[in-house]
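Notes for the structure review
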Amino acid sequence: MKRFFLQIKNFPLSRFMLIPGILLFFNYGLLFAEGIKNSSISPQKEDAASETIKYESPQQEIKISGKVTSDDGSPLPGANIILSGTSKGVISKDNGTYEISVPSSQSVLEFSFIGYARQQVTVGSQKVIDIVLHPDSKVLGELIVVGYSTEQKVMTTGSVGVVKGEALKDIPISTIDGLMQGMTSGVQVSQNSGTPGAEMSVRIRGISSISGSSQPLYIIDGIPVTTGDFGQVGYEGQGTNSLSDLNPNDIESISVLKDAAAASIYGARASNGVVVITTKRGTNQKTQIDFNSYYGVQQVWNKLDMLNSRQWMEYRNDLAGSPVFSQEQMDNITIDTDWQKVIFRTAPISNFELTATGGNQKTKFFMSGDLYNQMGILIGTDYQRLNGRVNIDHNISDKLTIGASVGLTHSSTDRVEGDQTLHGPLPNGISTPAIYPVYNEDGSYNQEGPYSNAVSIANEAINKNFSFRALANTYLNWDIVPHLSFSTKWGMDFLNFREHAYESTKTVQGGKYNGLGFETYTNVMNIVSNNILKYQNTIDKHNI
């Protein structure tokens, strides 16, 4: 028999009995412990001196108090005091004071406040910890694109929302306007329809016009771009979006100018707000090639609870007050079409992007190619886009820099008529009773129902949009003398938009006219020239 001696100090017996792995029992007047794990207990020899195990009770928490102030001595209300490594924390009061309890003297407290550098302090033997937070020079020195220039964030007095490239990374959004959804305050982004590639409504500080457009002005690399719906075939809110031709993965940052200060630069065009977009540029490094891709599927989140064939027959009998369908017909149902299952599908979405960036002290470049493909969850809808971009910057001398940017896009969209018409697959599908089949026995579309066959509309009614976009600019920056510089930029935005629509005789609507077709073309070109002579100097603490 091997003996153990267990010595416990200042520890309640009730808590000792809950220690895992301990089984206590008495045998011949001796106290034994069996199954103890991760302890320093070792068996004793019969004649060896007994060893003891000390189990100390846990220490009580330490109460810490103090005050959080800025470097000028003013209190900082709302500062965060967090116990490092945990979610436990408090917020400083209006006078900057705080109180928090920590488990031990080795605990580390983290102090933070917006616009100030974080500080970490080990408690040690301190009971009162007063902290002075200093402004974060990185935050205050951040450059924001404002109009035709950049400003330090600390010097910006207007209302500017900024979305940096890191926040946009790996977001599976196909359009630029979709990227701004939920990214900055004062900007509302809503989707007008579920059609892939369709336009979105962007509102900055609400609606500014009753009859006119409330869409903001978009500036890409200093050049105003063409936006809006150029479709001439109306499809019930499923407007086309020329902004969707641009690749969101090429964006470096987005600045949203939300107040009247933007009007001093862009005039009346800024009445709905301005969205300033800068694309990625090359860097002084070895050439780096990256390949990014993602793949996913889309499904209908919730379907309507519709009547099946038997329920429809019972409903018709109750509505008519007489047996429209006999009991034999209801007992021998051979057709029970789930129209929602027919018109909805599991739709894949994929994106493949290849980029190359690099350069040296003289020349820097950024190149990208992107292939985006999205099928709609409603049959007959899809969107494809192919993008290419080249950005080049070259330093001719220390005072003279030139550069150019070229972005090319080709896209195509398949649409179907929407919910506000009786010629769309969705309203016809959910309105057609389950007793009607999709196809006849000879393979033709069944058109015996009270509404058009939804599948025939999706497959035989064609509405394709084709878009070709060229967005290019070139610039020159010249530092004439210290504090005086001149810059010129010339840009072109060309959009070719074509619509092709055709209703075949296999559809109810097309059959009325023995086939019905449309073909429309729209060409839009904007040429912009910006020439700026700028004097900028700092005298004492004043910027001129």
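The notes below deal with the structure included here. Worth saying up front: this structure is predicted, and the values here are computed from it rather than measured.

To continue, consider the overall build of the chain. Looking only at helices and strands, the chain has 11 helices and 28 strands in total. A burial count over the chain gives 38% of its 544 residues as buried. At a minimum sequence separation of 6, the contacts of the chain that also span at least 24 residues come to 63%.

A word on the pairing of strand β25 (residues 484-503). Two elements, strand β24 (residues 461-481) and β25, share 20 bridges in a ladder whose sense is antiparallel. Across the sheet, the residue bridging to valine 481 is leucine 484, located in β25. Where β24 folds back onto β25 in an antiparallel hairpin, the turn is made up of 2 residues, including histidine 483, whose phi is positive at roughly 75 degrees.

Of the two faces of strand β6 (residues 97-102), the one lined by Tyr98, Ile100 and Val102 is fully buried and the one lined by Thr97, Glu99 and Ser101 carries no buried residue. Summarising the sheet, strand β3 (residues 62-70) and β6 pair through 6 bridges and their orientation is antiparallel. Paired with lysine 67 across the strands is threonine 97, a residue of β6.

What the rule picks out here adds up to 8 cavities of 30 Å³ or more. Within this model, the second largest cavity holds a volume of roughly 140 Å³. Surrounding the second largest cavity, 16 residues form its lining, Leu246, Asn247, Asp250, Asn387 and Arg389 being those nearest its centre. Looking at the lining of the second largest cavity, the elements with two or more residues in it are β18 (274-279), β22 (382-395), β23 (400-414) and β24. By residue class, the composition of the lining of the second largest cavity is 7 nonpolar, 6 polar and 3 charged.

Mapped onto the elements, arginine 385 comes out in strand β22. You can call arginine 385 buried: its relative accessible area is 2%. A polar atom in the side chain of arginine 385 sits 2.7 Å from the side chain of asparagine 387. Once you skip the residues sitting within four places of it in the chain, arginine 385 turns out to touch Ser174, Ser244, Asp245, Leu246, Asn247, Pro248, Asp370, Leu371, Tyr372, Thr409, His410 and Ser411.

On to the pattern of salt bridges. Tallying each qualifying case throughout the model produces 12 salt bridges. Of the charged contacts in the structure, one is a salt bridge between aspartate 414 and lysine 464, with a shortest N-O distance of 3.0 Å. You can see aspartate 414 sitting in strand β23 and its partner lysine 464 sitting in strand β24, a full 50 residues away along the chain. Among the ionic pairs, arginine 498 bridges to glutamate 519, the shortest N-O distance being 2.8 Å. Of the two residues, arginine 498 sits in strand β25 while glutamate 519 sits in strand β26 (residues 516-535), which places them 21 residues apart along the sequence. Of the residues examined, glutamate 519 reaches a relative accessible area of 37% and is grouped as partly exposed.

A word on the nonpolar core. Ranked by size, the top nonpolar core spans 19 residues in total, and within it Met180, Tyr218, Ile254, Val275 and Ile277 carry the most contacts. Looking at this core, the elements with two or more residues in it are α4 (176-179), β13 (187-191), β14 (200-204), β15 (217-220), β17 (251-257) and β18. One finds Ile64, Leu76, Tyr98 and Val102 within the second-largest nonpolar core, a separate group that totals 17 residues.

Turning next to the environment of valine 390. Tracing the backbone shows valine 390 in strand β22. By relative accessible area, which is 32% here, valine 390 ends up partly exposed. With 24 residues separating them in the primary sequence, valine 390 and phenylalanine 366 have C-alpha atoms 5.8 Å apart. Sequence-distant contacts of valine 390, that is, excluding residues within four places in its chain, are made with Phe366, Met367, Ala404, Ser405 and Val406.

For the rest of this paragraph, the subject is the packing of aromatic side chains. Summed over all chains, the structure comprises 5 aromatic pairs. Ring geometry for tyrosine 98 against phenylalanine 111: centres 5.7 Å apart, planes inclined by 75 degrees, an arrangement best described as edge-to-face. Placement of tyrosine 98 in strand β6 and of phenylalanine 111 in strand β7 (residues 108-112) is noted, with a sequence separation of 13 residues between them. Per residue, the accessibility class of tyrosine 98 equals that of phenylalanine 111, and both read buried.

Glancing now at the environment of asparagine 523. On the secondary structure map, asparagine 523 appears in strand β26. Taking the C-alpha atoms as reference points, asparagine 523 and serine 467, separated by 56 residues in sequence, lie 10.0 Å from one another. The contact partners of asparagine 523, leaving out residues within four places of it in the chain, are Phe494, Leu495 and Asn496. Side-chain polar atoms of asparagine 523 contact the side chain of asparagine 496, separated by 2.5 Å.

One non-glycine residue, histidine 483, adopts positive backbone phi at about 75 degrees. Considering the arrangement of structural elements, one finds histidine 483 in the loop between β24 and β25. A positive phi angle, near 55 degrees, is found at asparagine 514, a position not held by glycine. Tracing the chain through its elements places asparagine 514 in the loop between α11 (508-512) and β26.

Turning our eyes to something else, we now look at the sheet that holds β25. Taken in spatial order, the 8 strands make up an open sheet running β19-β20-β21-β22-β23-β24-β25-β26, and their pairing is antiparallel. In the strand order of this sheet, the two ends are held by β19 (288-298) and β26, each with one partner. The average undirected angle you get between the axes of adjacent strands in this sheet is 5 degrees. As judged from the 20 bridges shared by β25 and β26, these two strands associate in the antiparallel manner. Across the sheet, the residue bridging to tyrosine 502 is glycine 517, located in β26.

A word on the environment of valine 406. Considering the arrangement of structural elements, one finds valine 406 in strand β23. Considering only alpha carbons, one finds valine 406 and valine 390, 16 residues apart in sequence, at a separation of 5.4 Å.

For the rest of this paragraph, the subject is the sheet that holds strand β8 (residues 119-122). Spatial strand order, β5-β4-β7-β8: 4 strands in an open sheet with antiparallel pairing. The open sheet has two edge strands with one neighbour each: β5 (89-91) and β8. Put simply, the sheet's adjacent strands are angled 20 degrees from each other on average, direction ignored. In terms of strand pairing, strand β4 (residues 80-83) meets β7 through 4 bridges, oriented antiparallel. Bridging across to β7, asparagine 80 finds its partner in serine 112.

Rules of the game
Residues numbered from 1 in each chain as written. Predicted model: local features only at pLDDT ≥ 70, side-chain atom pairs only at ≥ 80, totals over all residues. Heavy atoms only, no water. Helix = DSSP H or I, 4+ residues; strand = E, 2+ residues; numbered from the N terminus. Buried < 20%, exposed > 50% of the residue type's maximum accessible area, 1.4 Å probe, protein only. Contact = heavy atoms within 4.5 Å. Pairing = 2+ DSSP bridges. 1 Å grid on protein atoms, 1.4 Å probe; cavity = no way out; pocket = protein on both sides within 12 Å on 5 of 7 lines; lining within 4 Å. Points joined across faces, edges and corners; volume = space filled by probe spheres on them. Nonpolar A, V, L, I, M, F, W, Y, C, P; charged D, E, K, R; others polar. Polar contact = N/O pair within 3.5 Å; in protein donor to acceptor, adjacent residues only side chain to side chain. Salt bridge = Lys/Arg side-chain N within 4 Å of Asp/Glu carboxyl O. Core = buried A, V, L, I, M, F, W, Y, C linked by side-chain atoms within 4.5 Å. Phe/Tyr/Trp six-rings, centres within 6.5 Å; stacked < 30°, edge-to-face > 60°. Axes fitted to C-alpha atoms, helices over the stretch in contact; angles between N-to-C directions.

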